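Examining the three-dimensional arrangement
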Amino acid sequence: MSHKLAIVGGTGAVGRVFIDYLNNHKLDLDEIKIVASKRSAGKIIKIENSEIKVEDIESFNFSSVDFAFFSAGSEVAKKYAPKAKKLGCTVIDNSSCFRRDDNVPLIIPEVNGEILDKLPLPEIISNPNCSVSQLLIALKPIHDLYKVKRVDVATYQSVSGTGQDAIEELKLQSKKFLEQKKVEKKVYKSQIAFNVLPGAVRPKLDNGYTEEEMKMTWEAQKILDDSIKISSSCARVPVFYGHSEAVHVETEKDVNIEEMISKMNSFSGLKVVESNDSFNPNPLDDAEGDDAVFVGSIREDLWQKNRVNFWVISDNLRKGAALNSMQILERLISKIK
Ligand code: A2P
């Protein structure tokens, strides 16, 4: 079977990282096409030694590819992913459009990748929210050992999670603010430079949480265990790449910290980094540009033996988006060889 791939949103923040992977990893692909909006149609993007012309999604023929990676937002996914599937193309979608749909698998290969092995294709497969992927990679070994009951998590999310326009906004606002000039706000309603935006997104939902906060609960329950109780407080912070999370976990059985660290260290894609004289792991020094999920500052709870506290840090464009999708694609390709 041929393996032809379309990258929808290939000109965006996540799409660019996906292309970077294709330039550095050998995937068994016969052809790659890049798709975006009219705005970018005709632009040339280099992958390996070939120059690929960006195609307009409106005229793109999804029956010409076997797989499509979508990272162009929910509206684009809603309109084009079902059409693509009908035309025989398996879609890996990075938006939140289908994540809560019972008929659409939501996959982190290290956690529930076995679902892919018995999945009839073509299908739509959802890639989880970036903050959820790194959290669940850290929670899975703990859940396997002690069964996680409850998680309280605070996120410190970088602007690249919002997209390329937000990266540019942080750069421009920082420059203007330091020059004591007027700061313009387009992507976020409040200034992001030198600031912290509670909720990470707007609007709030009826229960007072933002969708970003509720995604942690909805998606973790769908992927890991529907009995897990998760409460989140998300924030957007002036960091370009890499999300940080302060995580407080309560388990059914008491935690043995040495055993837990050893299990985490042997878990695929997870790295425990403890440092006394530096602030590692952190987004800038450790996560940015790295595929791993980093765990640090692991502390036994001061009061309860069935609780543990730690930080989880990862490049949100990698394990949180492009890398996870790439791993899904690799697993699908190996199954249909
Ligand atoms: P374009 O470059 O043509 O605007 P980001 O997440 O960094 O904001 O990137 C969004 C990606 O989704 C870009 O590649 C963008 O393409 C693409 N995109 C946005 N809106 C549409 C649309 N209506 N149709 C197709 N692609 C879209």
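Only a predicted model underlies this, so the values are computations on that prediction, with no experimental measurement involved.

**So, the sheet that holds strand 14 (residues 307-314)**
The pairing of strands in a sheet comes from backbone hydrogen bonds and takes either a parallel or an antiparallel form. Across the sheet, which stays open at both edges, the seven strands sit in the order 9-10-8-11-14-13-12 with mixed pairing between neighbours. Across the chains shown, the open sheet's two edge strands, defined by having one partner strand only, are strand 9 (197-198) and strand 12 (270-272). Pairing of strand 11 (residues 243-251) with strand 14 involves eight bridges; the strand directions are antiparallel. Bridge pairing in strand 14 links His248 to Asn309. Running at roughly 180° to strand 13 (residues 293-300), helix 8 (residues 257-265) makes contact with strand 12, strand 13 and strand 14 of the sheet.

**A few points about the packing of helix 5 (residues 130-146) against helix 8**
Between helix 5 and helix 8, the least distance of the axes is 9 Å, while the angle of their chain directions is 130°. What the angle tells us is that helix 5 and helix 8 run oblique. At the point where helix 5 passes helix 8, the crossing takes the right-handed sense. Across from Ala138, Pro141, Ile142, Asp144, Leu145 and Tyr146 in helix 5, the residues of helix 8 making contact are Glu259, Met260, Lys263 and Met264. Looking at the contact of helix 5 with helix 8 residue by residue, the classes come out as seven nonpolar, no polar and three charged.

**Structural notes on the domain arrangement of the protein chain**
Taken domain by domain, the protein chain comprises domain 1 (3-129 + 321-335) and domain 2 (131-315). Of note, the centres of domain 1 and domain 2, computed from C-alpha atoms alone, are 25 Å apart. Opposite the 17 residues of domain 1 that make contact, domain 2 presents 21 residues. Across the contact surface, domain 1 and domain 2 share one salt bridge. Our count for the contact surface shared by domain 1 and domain 2 stands at 10 residue pairs in polar contact (both at pLDDT 80 or more). By residue class, the composition of the side of domain 1 that touches domain 2 is nine nonpolar, three polar and five charged.

**Re the pattern of salt bridges**
Per the counting criterion, the structure on display carries 19 salt bridges. The partner of Asp117 in a salt bridge is Arg331, and the shortest N-O contact between them spans 2.8 Å. Of this pair, Asp117 sits in helix 4 (residues 114-117) while Arg331 is found in helix 10 (residues 318-335), placing the two residues 214 residues apart along the sequence. According to the relative accessible area criterion, Asp117 is partly exposed, its value standing at 43%. Across the pair Lys171 and Glu168 runs a salt bridge whose closest N-O atoms are separated by 3.9 Å. On the criterion of helical spacing, the pair formed by Lys171 and Glu168 is a turn pair, its members being three residues apart in helix 6 (residues 164-178). Under the relative-accessibility criterion, Glu168 is labelled partly exposed at 37%. Each of Asp20, Asp291, Asp315 and Arg318 takes part in salt bridges that share partners, so that together they form one network.

**Let's talk about the site of the ligand**
Around the ligand there are 15 residues in total, and Thr11, Ala13, Ser37, Ser40 and Gln164 lie nearest to it. Separating an oxygen atom of the ligand from a side-chain N or O atom of Thr11 is a distance of 2.5 Å. For the ligand, an oxygen atom lies 2.9 Å from a polar atom in the side chain of Arg39. If the ligand stood free it would expose 570 Å²; the protein chains cover 73% of that surface.

**Examining the state of the cysteines**
Taken as a whole and judged by the stated rule, the model has zero disulfides. Summary of cysteine pairing: Cys97 is not part of a disulfide, and the nearest cysteine sulfur, belonging to Cys89, is at 15 Å. The class for Cys97 is partly exposed, based on a relative accessible area of 26%.

**As for the pairing of strand 13**
Here three bridges tie strand 12 to strand 13, and the two strands are oriented parallel to one another. Each bridged residue has a counterpart across the sheet, and for Leu270 the counterpart in strand 13 is Val293. Strand direction decides the pairing type here: strand 13 and strand 14, joined by six bridges, are antiparallel. Among the inter-strand pairings, Phe294 is bridged to a residue of strand 14, identified as Ile313.

Cut-off values and rules
Residues numbered from 1 in each chain as written. Predicted model: local features only at pLDDT ≥ 70, side-chain atom pairs only at ≥ 80, totals over all residues. Heavy atoms only, no water. Pairing = 2+ DSSP bridges. Helix = DSSP H or I, 4+ residues; strand = E, 2+ residues; numbered from the N terminus. Contact = heavy atoms within 4.5 Å. Axes fitted to C-alpha atoms, helices over the stretch in contact; angles between N-to-C directions. Parallel < 35°, antiparallel > 145°, perpendicular 65-115°, else oblique. Left-handed = near helix turned anticlockwise from the far one by under 90°. Nonpolar A, V, L, I, M, F, W, Y, C, P; charged D, E, K, R; others polar. Domains from an automatic or database assignment. Salt bridge = Lys/Arg side-chain N within 4 Å of Asp/Glu carboxyl O. Polar contact = N/O pair within 3.5 Å; in protein donor to acceptor, adjacent residues only side chain to side chain. Buried < 20%, exposed > 50% of the residue type's maximum accessible area, 1.4 Å probe, protein only. Near = heavy atom within 4 Å. Areas by Shrake-Rupley, 256 points an atom, 1.4 Å probe, with all protein chains shown as cover. Disulfide = S-S within 2.5 Å.

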